[in-house]
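Listed here are the chains, written in short residue letters.
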Amino acid sequence: MAMTMTGEYQLPVPPQTVWEKLNDPATLKACIPGCEQLDKTSDTEFAAVATTKIGPVKTKFKGKVTLSDLDPPNGYKISGQGDGGVAGFAKGGATVKLTARDGGTLLSYTVEAQIGGKLAQLGQRLINGAAKKLADDFFKNFAAAVGPNSA
Amino acid sequence: MAESSTTTKIRRKEDASLLSGRGRYADDLPVPVGTLYAHVVRSPHAHADIVRIDARRALAHDGVWAVLTGEDVRKLSDPFLAAVKTPVQQWSLAVERVRYVGEPAALVVAESRYVAEDAAELVEIEYAPLPAVIDPVAACAKSAPLLHPQAGTNEVSVREFRYGDTAAAFARADRRIAMTTTFPRLSFTPIECYVVVARHNAAGGSYDVTANFQGPFSMHPVMARALRVKGPKLRLRIPPDSGGSFGIKLSVFPYIVLMALAARVTGRPVKWVEDRIEHLVAASSGPNRVTQIEAALTNDGCVLALRLDQLEDYGAFLRAPMPGPLYRMQGAVTGAYDIAHVDVINRVVLTNKMPASLIRGFGGPQLYLALERLMQRIAVELDLDPLEVIRRNLIAGEKFPYRAAAGALYDSGDYARAVEIATGDGRLDELKRRRAAARAQGRRYGIGFAAIVEPAMSNMGYLSTLMSKEAREKAGPKSGAVSMATVNIDPLGAVTVTADVTVQGQSHETVLAQIVAKALGLRPDDVEVVLEMDTAKDQWSIAAGTYSSRFASGTAVAAHMAAVQMREKLKAIAAKQLNVLPADVELSGGKIRSRSNPDNALPFGRVAATSHWSPGLLPESMAPALSETAAWTPQELEPPSRDDRINTSLTYGFVFDMCGVEIDPVSYQVRVDRYVSMHDAGRILNVTIAGGQIRGSFAQGVAAALYEEFAYNEEGAFLTGTFADYLVPTVSEIPEVEILHYESPSPLTPLGAKGLAEGNCMSTPACIANAIADALGVADVTLPATPRRIHALLERAGATGKR
Amino acid sequence: MKPRPFDYVRPDTVEEVLALLAEHGDEARILAGGQSLIPMLNLRLIEAAVLIDISRLAELDTIRSDGGALEVGAAVTQNKLMAWPDLARDFALLAAGLPFVGHFQTRNKGTVCGSIAHADPSSELPLLLAMYAGEVVLRSQRGTRAVPAEDFHKDMLTTAREADELVVTVRFPHPSDRRVAFREIARRHGDFAIIAVAAAAGANGAVTLGVGGMAGRPMTRAIAARDAASAADAIGQWAEELEGYDDLHASAAMRRDMLRKLAANVVAEVAQ
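All names here are of chain A. Read from one edge of the open sheet, 7 strands run E1-E7-E6-E5-E4-E3-E2, paired in antiparallel fashion. The outermost strands of the open sheet, each flanked by one partner alone, are strand E1 (3–11) and strand E2 (35–40). Averaged over all pairs of adjacent strands, the angle between their axes in this sheet comes to 20°, without regard to strand direction. The sheet contact formed by strand E6 (residues 89–101) and strand E7 (residues 104–116) spans 13 bridges and is antiparallel. From the neighbouring strand, Ala 94 faces E7, where its bridge partner is Val 111. Set on the sheet, helix H1 (residues 15–22) makes contact with E1, strand E4 (57–71), strand E5 (75–83), E6 and E7; between it and E6 the angle comes to about 160°. With respect to the sheet, helix H4 (residues 124–146) is in contact with E1, strand E3 (45–54), E6 and E7, its orientation differing from that of E1 by roughly 20°.

Glancing now at unusual backbone geometry. The omega torsion of the bond from Pro 72 of chain A to Pro 73 of chain A falls at -10°, within 30 degrees of zero and hence cis. Along the chain, Pro 73 of chain A turns up in the loop between E4 and E5. Note the cis peptide between Ala 320 of chain B and Pro 321 of chain B, where omega equals -5°. Along the chain, the position of Pro 321 of chain B falls in the loop between strand E14 (303–313) and helix H10 (324–327). One non-glycine residue, Met 457 of chain B, lies in positive phi territory at about 60°. The residue Met 457 of chain B is located in strand E18 (residues 444–458) in this model. With a phi angle near 75°, Glu 243 of chain C is a residue other than glycine that sits in the positive phi range. Looking at the secondary structure, you find Glu 243 of chain C in the loop between helix H10 (228–242) and helix H11 (252–270). With relative accessibility at 39%, the residue Glu 243 of chain C sits in the partly exposed group.

Here the focus is the interface of chain B and chain C. The interface of chain B with chain C comprises 35 residues on the first partner and 29 residues on the second. Regarding the contact of chain B and chain C, the summed buried area is about 2700 Å², with carbon and sulfur atoms giving 55% of it. The tally of links from chain B across to chain C stands at 4 salt bridges. Its salt-bridge partner being Glu 121 of chain B, residue Arg 44 of chain C comes within 3.3 Å of it at the nearest N-O pair.

Here the structure, examined in full by the defined rule, presents 91 salt bridges over all chains. Glu 430 of chain B is paired through a salt bridge with Arg 674 of chain B; the nearest N and O atoms lie 3.1 Å apart. Taken together, the residues span a long stretch of sequence, with Glu 430 of chain B in helix H14 (residues 428–440) and Arg 674 of chain B in strand E28 (residues 670–680) at a distance of 244 residues. Judged by relative accessible area, Arg 674 of chain B falls into the buried class, the value being 9%. Between Glu 240 of chain C and Arg 256 of chain C there is a salt bridge, with its nearest N and O atoms 3.8 Å apart. One end of the pair, Glu 240 of chain C, is in helix H10; the other, Arg 256 of chain C, is in helix H11, and 16 residues separate them in sequence. Each of Arg 42, Arg 113, Glu 117, Asp 118, Glu 121, Asp 275 and Glu 278 of chain B together with Arg 4, Arg 44 and Glu 47 of chain C takes part in salt bridges that share partners, so that together they form one network.

Attention now goes to the environment of Ala 295 of chain B. Residue and element names in this part refer to chain B. Mapped onto the elements, Ala 295 comes out in strand E13 (residues 288–297). A relative accessible area of 0% places Ala 295 in the buried class. Taking C-alpha positions, Ala 295 is 38 Å from Pro 190, a pair spaced 105 residues apart along the chain.

Time to look at the interface of chain B and chain A. Between chain B and chain A, the residue contacts involve 13 residues of the former and 13 residues of the latter. A combined buried area of about 1200 Å² lies between chain B and chain A, and 62% of that area is made up of carbon and sulfur atoms. Three residues, Pro 44, Glu 715 and Leu 719 of chain B, lead the burial of chain B against chain A; their summed loss comes to 34% of the area buried on that side. Where chain B packs against chain A, one counts 0 salt bridges.

Conventions adopted
- Positions within a chain are numbered from 1, following the residues in the order the chain's sequence is written.
- To label them, take the chains in the order written and letter them from A, then take the ligands in the order written and number them from 1.
- Note on the predicted model: pLDDT of at least 70 is required for a residue's local features to be given, and 80 or more for side-chain atom pairs to be given and counted; whole-chain, interface and lining totals, by contrast, use all residues.
- To obtain the side-chain values, all non-hydrogen atoms of the structure were used and water was disregarded.
- Here the rule is simple: two strands pair whenever DSSP picks up at least two bridges between them.
- The secondary structure listing takes helices from DSSP runs of H or I that are at least 4 residues long and strands from runs of E that are at least 2 residues long, numbered from the N terminus.
- Axis lines are fitted through C-alpha atoms, for helices just across the contact stretch, and the angle between N-to-C directions can take any value from 0 to 180 degrees.
- In what follows, a contact means two residues having at least one pair of non-hydrogen atoms within 4.5 Å.
- Burial classes follow relative accessibility: with a 1.4 Å probe on protein chains only, a residue under 20% of its type's maximum area counts as buried, one over 50% as exposed, and anything between as partly exposed.
- Buried surface area refers to the total accessible area, computed with a probe of radius 1.4 Å, that the two partners give up upon joining, counted for both partners together.
- Just to be clear on terms, a salt bridge is a Lys or Arg side-chain nitrogen sitting within 4 Å of an Asp or Glu carboxyl oxygen.

Put into structure tokens, the structure is as follows:
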């Protein structure tokens, strides 16, 4: 199910700092919900393993994370695709924009997520909420990682 | 057969076993020792190349006998024949590419279903996803992703038809009114899913398969060809009971071939029972259709001519005998209306969805949604009463038998009279009062009508209309529809009937017993009906099976004919024994007697015994043995004419529906307040069973109008994979329907009966859509009219009452 | 649609259940009515190394009402609670909401605690527990604790239960409310609610409103219902805050719209 979610965070550090964090594998790994492995395979590509957990429903996705449309320090697109085996697959991307504001940075994002296979077929009723939560969690984690006082 | 004994209430013979759990369904039948169980590994992608399949881990799993892939299937079998010649190849497993979510990509065969499913998780399939196309209109664009690159297009069949002089009629018309309708994708999910048990006889190179296949048996040669054997080497048996079909169980055929191959590979019998999740994602559905329809009109609402552009979406493959739904209504495309000129464009498009096929009503719901929505729209735009627009265009009673513009021969009817009775006995005035009262309180209430022609017993030649006349001439004519039934009498006088239908719950057993008993002067309980099919031993033709309402105008007729043949034979035998002329003999009350001297009588069984025990006493030149088979094909089912006119079906019934609906202001649910359905199905064979068929068809019509839809997102993910999302209405959701009958016996069949089991699948979606349009004052009503869609409609109109 | 292999255990005592949970933790699943668990196992959406069947544990199959609360044990089916003689008199909101839980047939198997532990965002029982400000009693070998409903339900299918804990009972405190109402919109009778709304009015006229199906868990709020207009304003504001979510059957906007209308109806019903 393709879904679009948007949101924004005001961060207390300048865009350049946010940009660096957005490109830092350790930060990304800490922020991607359930990320167990994020190995850099090129400047803009990572091999990733993440286990998403919606209550008792756990799915391990293996795939890659790609950074594109790089426009330092104004933003980029971070995309991921994962294969969950018989559970299905997930693809998604977030367009992230950074704007200097009030001495810090306004981070705004638009996430598009797509889930296919068995999860989409069986979990239709809950899947949008689950995807929204994962997107929210990523940016919430990121905001926390960049500045503890950001909201 | 105009007498009352066939129309009196007769209890169903089937009920005792079905209601007490003694039905014999496919999954109940015993299987041979050593039977293995199969599980299908399905594609999670709507469109992807298969890069690699690695089954080694699965094969190493304890209890696994085999894993089949597309490569195996390609080696062991041939592609399925299709009705439309295209470069597209289709097999029982995906070869090189998957084209819809749920497409079978591999088959695991193991000692139990549990083990097979465990091992299925170990089959590694690497896919390279491709862009998918879901929308039928988008799929026709030049830039659309191609499902079958070798075909060069997704629009695999386009045919234009001109009946009469439509252009001239449009030129002289006062007005033109056009609209576009889209009929959704849905299925009528039977309770019982597919079941196949396949055996391979290595010594004879033959296959023996039991499956709950429903026909048409024109698919038997398709399966045999795919298995690379001659017809008799594929013995197909159909169990005595089936948990519903509604057209769906035609599409078990690829699995019959797949399991036969699995049996051959493993050397063991292989059983597969489809589960509900598989059924919803990949079994079958009706095709969705986009129709552009335009009428040329006089100012007083008379339709002079029609133009239709019908774009039908068959999903990933066009399987035989598709595109049936697009052509089944071809001769009757003008519906119940006297319209002399019509142009039709029929287009078939393929998209990344499960392959579509026949479901109850096939083709009718799609056509009538367009035609009947158009009639309502004409009324709105010309400011006329919708019922008046229908009345002005109905075919007049004196015109029957009526040859419709596109070739259908409507056998009998008096549509205006039926409408008059329906609006009177159905209390249209009261319905209007209810609407006025509701509207006075600010409630959203609307009234809808639908007037449709219900065809029955398809002409086997109708699909050839899709070929050009040159191609038809080259291929040779196709026409007719053979029905067969056999009546046997044993040495003690017990009567048995077999016939070319598959049982799906239509009460064939009851009606056949009733027809044969009547001809032989017996009680229905004296007649045993055996309907499990065996292609190796039973009489069948390519038309055999249960579909297109062929029973009442086809098989029932054949049974009647066989019984009459038997009666005449018994009369001749008895005449000799009673010492009277055969013309003086009658069969009644279990006796065979002299009409002029009723005391001169013999028990039925005694006469029957003579032919068995003393064939020498039979009248001269009479063949011994009491076994009579009749085959019936009506002359009226001619091949398409040179100008593409085609009598698509044998009989044409009439349905007129009217209803009142109200939209709930909080839940946005459409509630059917009252529904009246008038049926002219010729002579009613059994009024109880007719009522059951109409109610069932009505429930599915309501389902199509308000609940059921196979939903895909733009990327092709399947969103209605469980009964939590694919909403089959239950008894709580189905409104009451008031059923009325008007009988115009068909002159073309000895019983005078027409089909009636599909009518409401065709009329009810259109009738409810018209009522919703009336309630909301809108032109576009998308089915199913779910609360979400109604809410969006009202929100666009600023009418949700949002503060 | 067959589950992966698992071990099945049917202990005779709660202590044995707790020992098994301590041993297997996350790998174990409690089977009570099985109305959600079994389909999820069969669909292979979840896994269990061990299934611990508590459905026949007599000590959990009890309904007790003391002065403070109604205590419903983990083996009590939804139909058993519905048939409890004093339910309509003492727990009118439970009596009003329970008929919306699934179907008669599923209520015969499905348990009250199981539905609460499963934490589906549009289930009625979590909403009812929240409306009563009830609590969930959890036991493990480490001890017993009672968790308030609002802390127990964290998000969709997510609760405060630790892997070694068993939900032994849920407690519905005796309400002081005078009037209650429960309404729900579902596509078909017995379906998961698109939204479910409950209202309870106390002696002082304060109205508590609860909603399921708008967020990852049931939400409640006190509404000042001095007059219809101010109640409508408060409900409207709440609807915007909750946002709602899209699924096949309803958009977020439609959920908000339904909440506004349905909540206004139930508030009016209880605030007479």
